[in-house]
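Per-entry structural report
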Amino acid sequence: MTDTNPLERYSRQMRFPGLGKAGQEKLLASRVTLCGCGALGTVLANVLARAGVGFLRVIDRDFVEPSNLQRQVLFDESDVANNLPKAEAAAVKLRQINSGITIEPIVADINRTNIESFCDGADLVLDGSDNFEIRYLINDVAIKHNKPWVYGGAVGSQGMCMTIIPGETPCLRCVFEAAPAPGETGTCETAGVLAPAVNIVASYQATEAIKLLSGNRAAVNRELISIDVWENTNKRMKVAPLAGRKGQCPCCAKRNFEWLDGAHGTQTTALCGRNAVQVSHRVKGKLDFAYLAGVLKQSGAVSYNKFLLKFQLTENGDPYEFTVFEDGRAIIKGTSEPDKARTLYAKYVGH
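The shown structure was predicted, so the numbers you read here are calculated from the model rather than taken from an experiment.

1. Some points on the domain arrangement of the protein
Considered domain by domain, the protein is made up of domain 1 (8-247) and domain 2 (266-349). A separation of 28 Å is found between the C-alpha centroids of domain 1 and domain 2. With 14 residues of domain 1 at the interface, the matching set in domain 2 holds 20 residues. Carbon and sulfur atoms make up 44% of the area that domain 1 and domain 2 hide from each other, which totals about 1,600 Å². Along the contact surface separating domain 1 from domain 2 lie three salt bridges.

2. Quick word on the sheet that holds strand β7 (residues 223-228)
Overall, mixed pairing links the eight strands, which are arranged β3-β2-β1-β4-β5-β6-β7-β8 in an open sheet. Taken across any chain shown, the strands that pair with only one partner, and hence form the sheet edges, are β3 (102-107) and β8 (233-238). Taken over all neighbouring pairs, the strand axes of this sheet differ in orientation by 15° on average, direction set aside. Of the strand pairs in this sheet, strand β2 (residues 55-60) and β3 are connected by six bridges, and their pairing is parallel. Residue pairing across strands places Leu56 opposite Ile103, the latter belonging to β3. Sheet contacts for helix α3 (residues 39-51): β1 (31-35), β2, β4 (124-127) and β5 (149-155); angle to β4, the most-contacted strand, approximately 140°.

3. Description of helix α7 (residues 132-145)
Between its terminal C-alpha atoms α7 stretches 20 Å, which fits the 20 Å expected from 14 residues at 1.5 Å a residue. In terms of burial, α7 is largely enclosed, as 12 of its 14 residues are buried. For α7, the full list of buried residues reads Phe132, Glu133, Ile134, Arg135, Tyr136, Leu137, Ile138, Asn139, Asp140, Val141, Ala142 and Ile143. If you check the start of α7, you find a side-chain oxygen 3.2 Å away from the backbone N of Glu133, and it comes from Asn131.

4. Points about unusual backbone geometry
Despite not being glycine, Asn146 has its phi angle at roughly 60°, a positive value. By the element assignment, Asn146 lies in the loop between α7 and β5. When its relative accessible area of 55% is taken as the criterion, Asn146 is described as exposed. Despite not being glycine, Lys246 has its phi angle at roughly 55°, a positive value. Following the sequence through the fold, Lys246 ends up in the loop between β8 and α11 (258-261). Classification of Lys246 by relative accessible area gives exposed; the value is 84%.

5. Some remarks on the environment of Pro6
Tracing the backbone through its elements, the reader meets Pro6 in the segment before α1 (11-14). Through-space distance from the C-alpha of Pro6 to that of Leu313 is 50 Å; in sequence the pair is 307 residues apart.

6. Considering the environment of Ile103
Inspection of the secondary structure puts Ile103 in strand β3. Counting along the chain gives 139 residues from Ile103 to Leu242, while the straight-line C-alpha distance between them is 36 Å. When residues no more than four places from it in sequence are discounted, the contact partners of Ile103 are Leu56, Ala91, Leu94 and Arg95.

7. Considering the pattern of salt bridges
Under the definition given, this model contains 18 salt bridges. The salt bridge partner of Lys93 is Asp76, with a shortest N-O separation of 3.6 Å. Of the two residues, Lys93 sits in helix α5 (residues 86-97) while Asp76 sits in the loop between β2 and α4 (77-81), which places them 17 residues apart along the sequence. Residue Asp76 is classed as partly exposed on the basis of its relative accessible area, which comes to 31%. Here Glu168 ties to Arg217 by a salt bridge, and the two come within 2.9 Å at their closest N and O atoms.

8. Digging into the pairing of β2
Here β2 lies mainly inside the structure; six of its six residues are buried. The two faces of β2 match: Phe55, Arg57 and Ile59 on one face and Leu56, Val58 and Asp60 on the other face are all buried. Of the strand pairs in this sheet, β1 and β2 are connected by five bridges, and their pairing is parallel. Paired with Val32 across the two strands is Leu56, which belongs to β2.

Calculation rules
Residues numbered from 1 in each chain as written. Predicted model: local features only at pLDDT ≥ 70, side-chain atom pairs only at ≥ 80, totals over all residues. Heavy atoms only, no water. Domains from an automatic or database assignment. Contact = heavy atoms within 4.5 Å. Buried area = accessible area lost by both parts, 1.4 Å probe. Salt bridge = Lys/Arg side-chain N within 4 Å of Asp/Glu carboxyl O. Pairing = 2+ DSSP bridges. Helix = DSSP H or I, 4+ residues; strand = E, 2+ residues; numbered from the N terminus. Axes fitted to C-alpha atoms, helices over the stretch in contact; angles between N-to-C directions. Expected span 1.5 Å × (residues − 1). Buried < 20%, exposed > 50% of the residue type's maximum accessible area, 1.4 Å probe, protein only. Polar contact = N/O pair within 3.5 Å; in protein donor to acceptor, adjacent residues only side chain to side chain.

Quick look at the structure:
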C-alpha cells in the first residue's frame, strides 16, 4: 500500500494530546530491539508496528507450534504447517500490517555473546522473553550502555511489568537481586497461561514504549505493576526507594555485569556420542523433586528418588528424556543442539 500521506494511518493516534504529530514523528524515527517473539513478544510487535515504530528488530530462537496459537497473536495454522521460525513468521505478518516501517527478524538464541550486538543502535529494548536469564542479560546491557528497557512476565493468570531507565529508576537487580532457582517458579508448560494476562502485561509494556520513544518520559510509570486476571487484583509497588540498594546493587551501583560476564546463568555441554546435552546453572539451587514431579506429570512420565528425577516426553513427534539432579543440573537426551536443550530446560524445569 502506498500512502499519499504517510501520517494519515496514524491520524487517530496523533489526535491523542499526549502524542500529537511531533510524538508520531519521533516514533517513526525510533529503533527497538524486541527480545523474544512468543506470547508477550507477538503482542508487543503487533502493537508497535501498528503504532509506527520505524525500526523493529525481532529476535527469537524457536519455531511456531500448535500450542502457541492460543496466545501468540501473530501466528496461525499455516505457520505451524510450514514449520516457520517465530521471528520470520512474525516478520511476514508485520510487513503486511505496516509496509512503511523496517522489520529485521533474527532467528537466534539470545545469550551473553550476542546480546550486545542485538541491542546496538536501539533506542529501547523490550522484554518479550519467557525466562529470567534473558531478562538479566537485558538488564546488564541496558545499564552498561544507558538504554531504557521494559520488563514483562506472565504465567498462569498473573503478570508483572516494570520500566527501567538507567540512572533514574531501580534496575531489575535492585528489585529482584537474584533469579529464581531452577524449579522454583512455574512456566507456561507447567503452570499454564491465560492469554488475557499476557495481553494486559504486553499492553502495559507497549504503552511504556510509546511514552519513551515519543519523548514523553515524564509520563512513564515508575512502579512495579502486578496483575492477576483470575483473582481480579491489580497492584502497584513503589520501587523507587530500592534504586541502587544503598550503593550495593551489583549492576547499577557497582557496575558488575555478572550475567554478561558469565558469572550467572546456564551453561551447556554437548555429550559426545550420546545425543544429549548437559544444562547446568552457575548458581546452584536445591530442587524439590516432589513438587517438580507434580507439575511435570501433566506433560510426560516422571519418576524420582532422593538423588535424581527422570522425565520423559514427546514434543512434536520427537522423544526426549531428562535426568535432573538436585542442584538443578540436567542431562537432556534426544538432542545434540545446546540451543534446543536450553529451550527444553526453560520450558520444563524453569529459569
